[in-house]
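These are the residues of each chain, in order.
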Amino acid sequence: MFDIDDLIQLSALQHMVFCPRQCALIHIEQTWAESRLTAEGRIMHEHVHEEGRESRGDIRIEHGVSIRSLKLGLVGKADVVEFHREADGSWRPFPVEYKRGKPKPDHSDIIQLCAQAMCLEEMLDVHITSGAIFYGRTRRRLDVALDDALRRETEETAKRVRALIESGQTPSPVYAKRCESCSLLADCLPKTIQKRRSVKGYLTRILEEP
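Conventions we followed
Residues numbered from 1 in each chain as written. Predicted model: local features only at pLDDT ≥ 70, side-chain atom pairs only at ≥ 80, totals over all residues. Heavy atoms only, no water. Phe/Tyr/Trp six-rings, centres within 6.5 Å; stacked < 30°, edge-to-face > 60°. Helix = DSSP H or I, 4+ residues; strand = E, 2+ residues; numbered from the N terminus. Buried < 20%, exposed > 50% of the residue type's maximum accessible area, 1.4 Å probe, protein only. Lys NZ or Arg CZ within 6 Å of the ring centre and 35° of its normal. Core = buried A, V, L, I, M, F, W, Y, C linked by side-chain atoms within 4.5 Å. Contact = heavy atoms within 4.5 Å. Patch = residues over 30% accessible without salt bridge, like charges linked within 9 Å, V, L, I, M, F, W, Y side chains within 5 Å. Areas by Shrake-Rupley, 256 points an atom, 1.4 Å probe, with all protein chains shown as cover. Salt bridge = Lys/Arg side-chain N within 4 Å of Asp/Glu carboxyl O. Lys, Arg positive; Asp, Glu negative; His and termini not counted. Charge placed at Lys NZ, Arg CZ, Asp CG, Glu CD. Axes fitted to C-alpha atoms, helices over the stretch in contact; angles between N-to-C directions. Parallel < 35°, antiparallel > 145°, perpendicular 65-115°, else oblique. Left-handed = near helix turned anticlockwise from the far one by under 90°. Nonpolar A, V, L, I, M, F, W, Y, C, P; charged D, E, K, R; others polar. pLDDT = per-residue confidence, 0-100. Expected span 1.5 Å × (residues − 1). Arc of directions from axis to C-beta.

1. Examining the packing of aromatic side chains
If you walk through the whole model with that rule in mind, you get 1 aromatic pair. With a centroid separation of 5.1 Å and an interplanar angle of 40°, the aromatic rings of tyrosine 98 and phenylalanine 134 are classed as tilted. One end of the pair, tyrosine 98, is in strand E5 (residues 91-99); the other, phenylalanine 134, is in strand E6 (residues 130-135), and 36 residues separate them in sequence. You can call phenylalanine 134 buried: its relative accessible area is 13%. Just above the ring of phenylalanine 2 sits the side chain of arginine 162; from NZ or CZ to the centre is 3.9 Å. Between the NZ or CZ atom of arginine 178 and the centre of the ring of phenylalanine 18, over which it lies, the distance is 5.8 Å.

2. Some thoughts on the nonpolar core
Here is a general trend for soluble globular proteins: nonpolar side chains tend to be buried in one another's company. Membership of the largest hydrophobic core comes to 31 residues, with the highest contact counts inside it found for Leu13, Leu74, Val144, Leu146, Leu150 and Val161. When contributions to this core are tallied by element, the ones reaching two or more residues are helix H1 (11-18), helix H2 (20-27), strand E4 (74-85), helix H4 (108-124), E6 and helix H5 (148-167). Element by element, the count of residues in this core is highest for H4, at 9 residues. Those residues in contact with valine 144 that sit more than four places away from it in its chain are Ile110, Leu113, Thr129, Ser130, Gly131, Ala132, Ile133 and Leu150. If you look at the next biggest cluster of nonpolar residues, it comprises 8 residues, including Ile61, Val80, Val96 and Phe134.

3. Here's the deal with a negative patch on the surface
A surface patch of like charges, here negative, comprises Asp3, Asp5, Asp6 and Glu166. Mapped onto the elements, aspartate 5 comes out in the segment before strand E1 (8-9).

4. A few points about the side chain of glutamine 22
Mapped onto the fold, glutamine 22 is located in helix H2. Once residues within four sequence positions are removed from consideration, glutamine 22 is found in contact with His15, Cys182 and Leu184.

5. Some remarks on the packing of H1 against H4
Viewed as axis vectors pointing N to C, H1 and H4 meet at an angle of 155°, and their least axial separation amounts to 8 Å. When the interaxial angle is binned, H1 and H4 end up roughly antiparallel. By crossing handedness, the relation of H1 to H4 is classed as right-handed. Two secondary-structure elements touch here, H1 through Ser11, Leu13, Gln14, Val17 and Phe18 and H4 through Ser108, Asp109, Ile111, Gln112 and Ala115. In terms of residue class, the contact of H1 with H4 is built from 5 nonpolar, 4 polar and 1 charged.

6. Focus: the confidence of the model for the protein chain
Confidence along the protein chain averages 87 in pLDDT terms, with 85% of residues attaining 70 or more. For residues 198-207, every residue scores under 50 in pLDDT, and the model assigns this stretch 0 contacts once sequence neighbours within four places are set aside.

7. Brief notes about the environment of cysteine 188
Inspection of the secondary structure puts cysteine 188 in helix H6 (residues 185-188). Spatially, the C-alpha atom of cysteine 188 lies 9.2 Å from that of serine 172, the residues being 16 residues apart in sequence.

8. Some points on the pattern of salt bridges
Summed over the entire model, instances satisfying the criterion amount to 8 salt bridges. Measuring nitrogen to oxygen at the nearest pair gives 2.8 Å for the salt bridge that ties glutamate 82 to arginine 141. Residue glutamate 82 is found in strand E4, and its partner arginine 141 is found in strand E7 (residues 140-145); the two are separated by 59 residues along the sequence. Accessibility expressed as a relative area gives 9% for glutamate 82, which makes it buried. Salt bridges linked by common partners bring Glu97, Lys99, Lys104 and Asp109 together as one network.

9. Quick word on H5
For H5, which comprises 20 residues, the first-to-last C-alpha distance of 29 Å matches the rise-based estimate of 28 Å (1.5 Å per residue) to within 8%. Taken as a whole, H5 has its buried residues at Leu150, Arg151, Thr154, Thr157, Ala158, Val161, Arg162 and Leu164. Projected down its long axis, H5 shows its buried positions confined to an angular sector of 160°, all on one face. In this structure, H5 carries Asp148, Arg152, Lys159 and Glu166 as exposed residues pointing more than 90 degrees from its buried face. Next to the buried residues of H5 lie E1, H1, H2, H4 and E7.

Written out as structure tokens, the structure reads:
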């Protein structure tokens, strides 16, 4: 169990899966730059969080729910938590994460959702079997089964994030197609720095040759 003062931002898990260097730039170096895409995402989240409380028959909806897990060492906010009335009269939480884009090829979004669910489970002493991600570009919800494999991946990602932050070291850049959509591209300079390192390595090898 972690102390309250030692909790890290839940959003760091999404950053870690997307790119460890991006995670370090944000959560170690405190570097942030807003692009059109991140601005649109921020506005979407602010709008969702301001919605307040709703009730639709057997579903209660809470917006901007503060969550934390002392087991995982995480703290954050869930965009939406739906509470579905069960047959026995109890209410089952169903987290819904909002994203401005479309489903990603990696697990960055679903790990973030799973971490939210695990926080809610710890706080409310319940078991949550599924959640959903609403994507603004497609205007559709993607249902996510919170199975054991995803939970293990989420726990491992939380450990990797904590180890990275505690190390205080930012990984070297590795340029990939995803870099073009990153708001920190101008701060990261993956092409420039990677090229510099390649040239330096080449010169070092030349000088070391007999």
